[in-house]
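# Observations on the three-dimensional arrangement
If you want the building blocks of each chain, they are given just below.
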Amino acid sequence: MHGTPTEPATPAQALSAMDHLIAAHLIGQQELARRLGLTVTDLACFTFVLEAGDDLLTAGDLAARAHVTTGAVTGILNRLERAGYVTRRPDPADRRRVRVAAVPEAITRVRTVYAGHSKRLTALFADYSPEQLALITDCFTRTTTLAHEYLEKLNRNTPTEDC
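Residues numbered from 1 in each chain as written. Predicted model: local features only at pLDDT ≥ 70, side-chain atom pairs only at ≥ 80, totals over all residues. Heavy atoms only, no water.

Attention now goes to the overall build of the protein. Scanning the protein for helices and strands turns up six helices and three strands. Secondary structure elements of the protein occur, N-terminal to C-terminal, as α-α-β-α-α-β-β-α-α. Based on the C-alpha atoms only, the size of the protein along its principal axes is roughly 55 × 45 × 30 Å. For the protein, buried positions account for 21% of its 163 residues. Considering only intrachain contacts with a sequence separation of at least 6, the fraction spanning at least 24 residues in the protein is 48%. When the accessible surface of the protein is totalled, it reaches about 11,400 Å², and 59% of it is carbon and sulfur. (Helix = DSSP H or I, 4+ residues; strand = E, 2+ residues; numbered from the N terminus. Buried < 20%, exposed > 50% of the residue type's maximum accessible area, 1.4 Å probe, protein only. Contact = heavy atoms within 4.5 Å. Areas by Shrake-Rupley, 256 points an atom, 1.4 Å probe, with all protein chains shown as cover.)

Pairing within the open sheet is antiparallel, and its three strands lie in the order 1-3-2. The open sheet is flanked by strand 1 (57-58) and strand 2 (86-91), the only strands paired with a single partner. Across the face of the sheet, helix 4 (residues 70-82) comes into contact with strand 2 and strand 3 (94-102) while running at roughly 120° to strand 2. (Pairing = 2+ DSSP bridges. Axes fitted to C-alpha atoms, helices over the stretch in contact; angles between N-to-C directions.)

In this section: the side chain of Asp 91. Of note, Asp 91 is situated in strand 2. Within the structure, Asp 91 has its side chain in polar contact with the side chain of Arg 99 (distance 3.0 Å). (Polar contact = N/O pair within 3.5 Å; in protein donor to acceptor, adjacent residues only side chain to side chain.)

Looking at chain direction, strand 2 and strand 3 are connected through six bridges and run antiparallel. Along strand 3, the bridge assignment pairs Arg 89 with Arg 99. A loop of two residues connects strand 2 with strand 3, the two strands running antiparallel in sequence.

Moving on, we get to the nonpolar core. The biggest cluster of nonpolar side chains holds 25 residues, and the ones touching the most others in it are Leu 36, Leu 38, Phe 46, Leu 62, Leu 80, Tyr 85 and Val 86. Broken down by secondary-structure element, the contributors of at least two residues to this core are helix 1 (11-36), helix 2 (40-52), helix 3 (59-66), helix 4, strand 3 and helix 5 (104-126). Here this core gets five residues from one element, more than from any other, and that element is helix 2. The residues contacting Leu 62, other than those within four sequence positions of it, are Cys 45, Phe 48, Val 49, Leu 57, Val 73 and Leu 77. (Core = buried A, V, L, I, M, F, W, Y, C linked by side-chain atoms within 4.5 Å.)

Time to look at the side chain of Gln 132. On the secondary structure map, Gln 132 appears in helix 6 (residues 130-156). Within polar-contact distance, the side chain of Gln 132 engages the backbone nitrogen of Ser 129 at 2.9 Å. Dropping the residues within four chain positions of it, Gln 132 is found in contact with Gly 3, Thr 4, Thr 6 and Asp 127.

With that settled, the discussion passes to the environment of Thr 158. Structurally, the position occupied by Thr 158 is in the segment after helix 6. Looking at Thr 158, the relative accessible area reads 34%, which means it is partly exposed. Along the primary structure Thr 158 and Glu 7 are separated by 151 residues, whereas in three dimensions their C-alpha atoms are 41 Å apart.

A word on the pattern of salt bridges. Summed over the entire model, instances satisfying the criterion amount to nine salt bridges. Between Arg 99 and Asp 91 there is a salt bridge; the shortest N-O distance is 3.0 Å. The two residues Arg 99 and Asp 91 agree in class, both being buried. (Salt bridge = Lys/Arg side-chain N within 4 Å of Asp/Glu carboxyl O.)

So, about the packing of aromatic side chains. A ring pair, where both rings are aromatic, is described by two values, the distance of the centres and the angle of the planes. Under the definition given, this model contains one aromatic pair. Their ring planes at 75° and their centres at 5.2 Å tell us that Phe 46 and Tyr 85 sit as a pair that is edge-to-face. With Phe 46 in helix 2 and Tyr 85 in the loop between helix 4 and strand 2, this pair connects stretches of sequence that are 39 residues apart. As far as the burial class goes, Phe 46 and Tyr 85 line up, both buried. The ring of Tyr 85 is capped by Arg 109, whose NZ or CZ atom sits 4.6 Å from the centre of that ring. (Phe/Tyr/Trp six-rings, centres within 6.5 Å; stacked < 30°, edge-to-face > 60°. Lys NZ or Arg CZ within 6 Å of the ring centre and 35° of its normal.)

This is how it looks when you write it as structure tokens:
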């Protein structure tokens, strides 16, 4: 595929398109979480566990990725464990820590609910050339970094700091 032709755009148009993407994604995540019997934050944490794969996360790792306190992540893990999404395993290197593993049936449940959307996204990205996908990936990656920086500033709750 040679890539989908695109029209030139302004930064304002790109920002507006991103805002619409974020809004649609947030609403979609809320609906997905509702269908799975989870909160959006619990679903996000489960996604981090899935992404880690066999390199199991500690509760501290999960708290850092989700930008929540270790106390909050304990509640999240309790809910995910009660709902059958994760199990906690002792860390073989340090028995005082636990590692979080996804339950295979829960992985299947989430992938089944998300399968149609994932298939459509894969088809959409197939319309782009490798060079265009590199730009899209770069934009997503850099935007995610900015979002994390913004969240950290908000969490510091310093009134004089420009968020």
